[in-house]
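# Working through the structure, step by step
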Amino acid sequence: MGHRLSLLMVEDSETDAELVVLELRRHGYDVALERVDTAPALSAALESRRWDIVVCDHGLPSFDSRQALCTVRESRPDLPFVILSGTIGEEAAVEALKAGARDVVLKTNLARVGPVVDRELREAESRRRLRGAEEALVESEARKTAILDTALDAVISIDHQGRIVDFNPSAETMFGFARDEARARPVSELIIPLSLRQRHHEAFARHLATGQSTIIGTRIELTAMRADGSEFPVELSITRGDLSGRPFFTAYVRDLTERKRAEGERASLEAQLRQSQKMEAIGRFVGGITHDFTNLMSVVGGYSQLLLRDVREDDPRRPNVEEIKAASDRAAELTRQLMAFSRQQALEPKTLDLNAVILGIEPMLRRVLGEDVELVTRLAPDLGPVRADPSQLEQVVMNLAVNARDAMPTGGTLALETRHAGIDRDADEHRGPLAIERGSYSVLSVTDTGAGMDAETQSQIFEPFFTTKEVGKGTGLGLSTVYGIVLQSKGFIRVESDPERGTTFDVYLPLADARADLPQPADPDTPPARGSEAVLLVEDDEALLRLVHQTLEADGYTVLAARDAREAIDICERRHAPIDLAVTDVVMPGMGGLQLARELRARRPDLKLLFMSGYSEHGIGDEERRALNAGLIQKPFSLPGLGRKIRDLLDAT
Ligand code: ADP
Ligand code: MG
């Protein structure tokens, strides 16, 4: 069996058709023949199946070979068409070949038909392959275009002269040029910032000359430029190809703006976390020391005061005692600041209006700031109330104002501003040692036009003893105190500073639900400290107990001293005479001051109470103290201070 051949013959003579078939069989083909002799039959046959070749008689009676050729070309352009003729003239043959016939075989030379078919089948096959390859090429082009069109990265093709050949839609959005604007222009002019252009030219020239490159085949990060001249970070990878001996380059560019922003945000959150952890650690450390220090300072201060009473004005030892007293006062002040920082101060929060606090200390601020600093206040008219200790809040404003003054040695402006602020995103506003929590706040901004701070300084300012001022000028405790007071009042603080423009501190205090109490006028006259009532005194620190005991006795009181709650309850139960006031420490081994106060009240409902506290956080809350209608004195206290407090309580009805 030879090669199978589907042969369509356009031939009126059956005999001639038989002859062709015979000849082809002899040549080795297994011929399947269909013979047609009219135009409609030809069309129908072409549609009916696949053919290898058409052989057409030149001298048909019903229609001629030219017409047949047209029909075949139209429906099967690749199908070989061979003319068979007994009589064709040279001219007609040339005509037919021009019209697309593949060959003309004379009936007198039928032996040619076999080789002609061989050749036609071969050529038809290679035409088919070529067409397939072309189609594949078109298809791959289309696919490539689709990829480039939807690629998230900018893809830019560049020729050997550095000119843009292609620019995909992502490139259009990323750089802000339309494809047509970009094409044929030098890539350097279009998307490389001026500052990098020279380096680009050199590297490109070196690559063309030597084939070397530090960029091709690797990913690099650099800065690119948009149509509007703005610069942005990108990641870039370049591949090189060769086209007819000339290199061309494809650059894949990814916009890193968003990623960098997120990285920056993460880094700043981490920095903030580190900072807040550091502040916590310092706070615990400082808190531990100050706790022990408060009692010591009360004792030193108290005894030096007692000594001063006894040592006469002209006694040569008096100056020494005065020195001890002065040093202990300074130490007590230091301790007080450290306690503020470590949030151990006992606050006396009131519901108040921030504006009223500022108006109240404005005259004092003006004196502190001096003539060269202009004070401007911008107070929001409908500011919500906050809950804070008014004198502590004044301390905050004062410390910030003093720092601002120090930052403006040649004068400037200090602005105090209040406003409402709602924080509704967690990541918002992280410019201080702690991220501000969601919520509604009244905000106090203190802005100066002074020297400002760099980032390094800003990250340390709230630490105790951090100062940039000369020895003797700064203690480094101003902002630590501010920090402690604000945080203890459940607020937040943030700083924004620029060495060119100055500094703003924002103090965020949470809105309180109640309406503002009226600002309380300070008590002008100091009440007398002496008395004759019976005072139950409870303190586990023996030195402090002795000191207060002696003092109160010297002031005329009857003092019943106890070293712990047990002892105090005993005294309370055994004594038949009245006890007017119990003065008790808060944190003590065994039963604490709060529980003791309740026990005492249960036994003597009229008993007045005063807590001595160095430990607001772990000791006694605002609410509990109010429920007991008890007074509070903050350790370390001065003895006259204690005396006044006791007198106040005893005199109150
Ligand atoms: P001190 O004022 O004793 O140095 P602070 O705790 O009040 O301590 O301030 C710490 C440091 O913070 C200052 O030494 C100064 O470097 C910086 N600082 C505070 N406030 C400002 C401000 N308004 N402008 C510039 N720097 C400031
Ligand atoms: Mg200061």
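Residues numbered from 1 in each chain as written. Chains lettered and ligands numbered in written order. Predicted model: local features only at pLDDT ≥ 70, side-chain atom pairs only at ≥ 80, totals over all residues. Heavy atoms only, no water.

## So, the overall build of the protein chain
When its secondary structure is counted, the protein chain shows 20 helices and 22 strands. Principal axes of the C-alpha set define a box for the protein chain whose edges measure 160 × 60 × 45 Å. Put simply, of all contacts in the protein chain between residues at least 6 apart along the chain, 67% involve residues at least 24 apart. Roughly 34300 Å² of accessible area belongs to the protein chain as shown, and the carbon and sulfur atoms make up 52% of that amount. When the 81 positive and 106 negative side-chain charges of the protein chain are each reduced to one mean point, those points stand 2 Å apart. (Helix = DSSP H or I, 4+ residues; strand = E, 2+ residues; numbered from the N terminus. Contact = heavy atoms within 4.5 Å. Areas by Shrake-Rupley, 256 points an atom, 1.4 Å probe, with all protein chains shown as cover. Lys, Arg positive; Asp, Glu negative; His and termini not counted. Charge placed at Lys NZ, Arg CZ, Asp CG, Glu CD.)

## Topic: the sheet that holds strand β19 (residues 558-562)
Across the sheet, 5 strands lie side by side as β19-β18-β20-β21-β22; this open sheet has parallel pairing. Looking at which strands have only one partner, the edges of the open sheet turn out to be β19 and β22 (631-634). Between one strand and the next, the sheet's axes are offset by a mean angle of 20°, whatever the strand orientation. Two elements, strand β18 (residues 534-538) and β19, share 5 bridges in a ladder whose sense is parallel. Bridge assignment links leucine 537 to a residue of β19, and that residue is alanine 561. Together, β18 and β19 form the strand contacts of helix α16 (residues 542-554), whose direction differs from that of β19 by roughly 170°. (Pairing = 2+ DSSP bridges. Axes fitted to C-alpha atoms, helices over the stretch in contact; angles between N-to-C directions.)

## A few points about the nonpolar core
Counting residues in hydrophobic clusters, the biggest one holds 45 residues, and the most contacted among them are Leu365, Leu400, Leu414, Phe462, Ile493, Phe505 and Val507. The element that contributes the greatest number of residues to this core is helix α13 (residues 390-407), accounting for 7 residues. Core analysis: the second largest hydrophobic core is formed by 25 residues, Val538, Phe611, Leu628 and Ala630 among them. (Core = buried A, V, L, I, M, F, W, Y, C linked by side-chain atoms within 4.5 Å. Buried < 20%, exposed > 50% of the residue type's maximum accessible area, 1.4 Å probe, protein only.)

## Notes on helix α11 (residues 318-341)
Quick reminder: α-helices carry 3.6 residues per turn. Residues three or four places apart thus point the same way. The first and last C-alpha atoms of α11 sit 35 Å apart over 24 residues, in line with the 34 Å expected at 1.5 Å per residue. Turning to α11, its buried residues are Arg318, Val321, Lys325, Ser328, Ala331, Thr335, Gln337, Leu338, Met339, Ala340 and Phe341. Along its buried surface, α11 packs onto α10 (257-310), α15 (478-488) and β22. Of the residues flanking the end of α11, it is arginine 343, one or two places downstream, whose phi is positive at about 60°. (Expected span 1.5 Å × (residues − 1).)

## Comments concerning the packing of aromatic side chains
Under the criterion given, the structure shown has 8 aromatic pairs. Ring geometry for phenylalanine 462 against phenylalanine 505: centres 6.4 Å apart, planes inclined by 85°, an arrangement best described as edge-to-face. In this pair, phenylalanine 462 sits in the loop between α14 (455-458) and α15 while phenylalanine 505 sits in strand β17 (residues 502-510), placing the two residues 43 residues apart along the sequence. Judged by its relative accessible area of 6%, phenylalanine 505 is buried. Taken together, the ring pairs in this structure connect Phe341, Phe462, Tyr483 and Phe505 into an aromatic cluster. The residue whose ring lies beneath arginine 49 is tryptophan 51, and the NZ or CZ to ring-centre distance is 4.3 Å. Stacked on the ring of phenylalanine 232, the Lys or Arg arginine 226 has its end atom at 4.2 Å from the ring centre. (Phe/Tyr/Trp six-rings, centres within 6.5 Å; stacked < 30°, edge-to-face > 60°. Lys NZ or Arg CZ within 6 Å of the ring centre and 35° of its normal.)

## Let's talk about the pattern of salt bridges
Evaluated as defined, the whole model comprises 55 salt bridges. Here aspartate 52 makes a salt bridge to arginine 50, at a shortest N to O gap of 3.0 Å. Classification of aspartate 52 as buried rests on a relative accessible area of 12%. Taking the relative accessible area as the measure of exposure, arginine 50 reaches 54% and is therefore exposed. In this structure, lysine 635 and aspartate 585 form a salt bridge, with 3.1 Å as the shortest nitrogen-oxygen distance. Of this pair, lysine 635 sits in the loop between β22 and α20 (639-651) while aspartate 585 sits in strand β20 (residues 581-585), and the two are 50 residues apart along the sequence. Pair check on accessibility: lysine 635 and aspartate 585 agree, each one buried. Linked by salt bridges that have partners in common, Arg102, Asp103, Arg112, Arg119, Glu120 and Glu123 make up one network. (Salt bridge = Lys/Arg side-chain N within 4 Å of Asp/Glu carboxyl O.)

## Things to note about the site of ligand 1
Neighbouring ligand 1 are 19 residues, the closest being Asn403, Asp448, Thr467, Thr468 and Lys469. Within the side chain of asparagine 403, one N or O atom sits 2.7 Å away from an oxygen atom of ligand 1. The contact in question runs from an oxygen atom of ligand 1 to an N or O atom on the side chain of threonine 467, over 2.5 Å. Out of a free accessible area of 530 Å², ligand 1 has 94% covered by protein chains. (Near = heavy atom within 4 Å. Polar contact = N/O pair within 3.5 Å; in protein donor to acceptor, adjacent residues only side chain to side chain.)

## Focus: the packing of helix α17 (residues 565-574) against helix α18 (residues 593-603)
Where α17 meets α18, the axes come as close as 10 Å, and the angle between the chain directions of the two elements is 10°. Taken as axis vectors, α17 and α18 run roughly parallel relative to one another. Contact residues: α17 offers Ala565, Ala568, Ile569, Cys572 and Glu573, while α18 offers Leu596, Glu599, Leu600 and Arg603. For the contact of α17 with α18, the residue count by class is 6 nonpolar, no polar and 3 charged. (Parallel < 35°, antiparallel > 145°, perpendicular 65-115°, else oblique. Nonpolar A, V, L, I, M, F, W, Y, C, P; charged D, E, K, R; others polar.)

## Considerations on the sheet that holds strand β7 (residues 164-167)
The strand order β7-β6-β10-β9-β8 describes an open sheet built from 5 strands, whose pairing is antiparallel. The open sheet has two edge strands, β7 and β8 (219-225), and neither has a second partner. Adjacent strand axes in the sheet meet at a mean angle of 35°, parallel and antiparallel pairs treated alike. Of the pairings in the sheet, the one linking strand β6 (residues 154-158) to β7 comprises 3 bridges and is antiparallel in character. Note that in β7 the partner of isoleucine 156 across the bridge is phenylalanine 167.

## What to know about the pairing of β18
Summarising burial for β18: 5 of the 5 residues are buried, a large majority. On β18, burial covers both faces: Ala534, Leu536 and Val538 on one face and Val535 and Leu537 on the other are all buried. For the crossover from β18 across α16 to β19, the handedness is right-handed. (Right-handed = clockwise from strand over helix to strand, strands pointing away.)

## A word on the environment of alanine 17
By the secondary structure assignment, alanine 17 is in helix α1 (residues 14-26). C-alpha of alanine 17 to C-alpha of cysteine 56: the two residues are 39 residues apart in sequence and 9.9 Å apart in space. Sequence-distant contacts of alanine 17, defined by excluding residues within four places in its chain, comprise Met9, Glu11, Leu33 and Arg35.

## What to know about the side chain of aspartate 52
Tracing the sequence through the fold places aspartate 52 in the loop between α2 (39-48) and β3 (53-57). Looking at aspartate 52, its side chain comes within polar contact range of the main-chain nitrogen of serine 6, at 2.8 Å. Looking at aspartate 52, its side chain comes within polar contact range of the side chain of arginine 50, at 3.0 Å. Dropping the residues within four chain positions of it, aspartate 52 is found in contact with Arg4, Leu5, Ser6, Leu79, Pro80 and Leu121.

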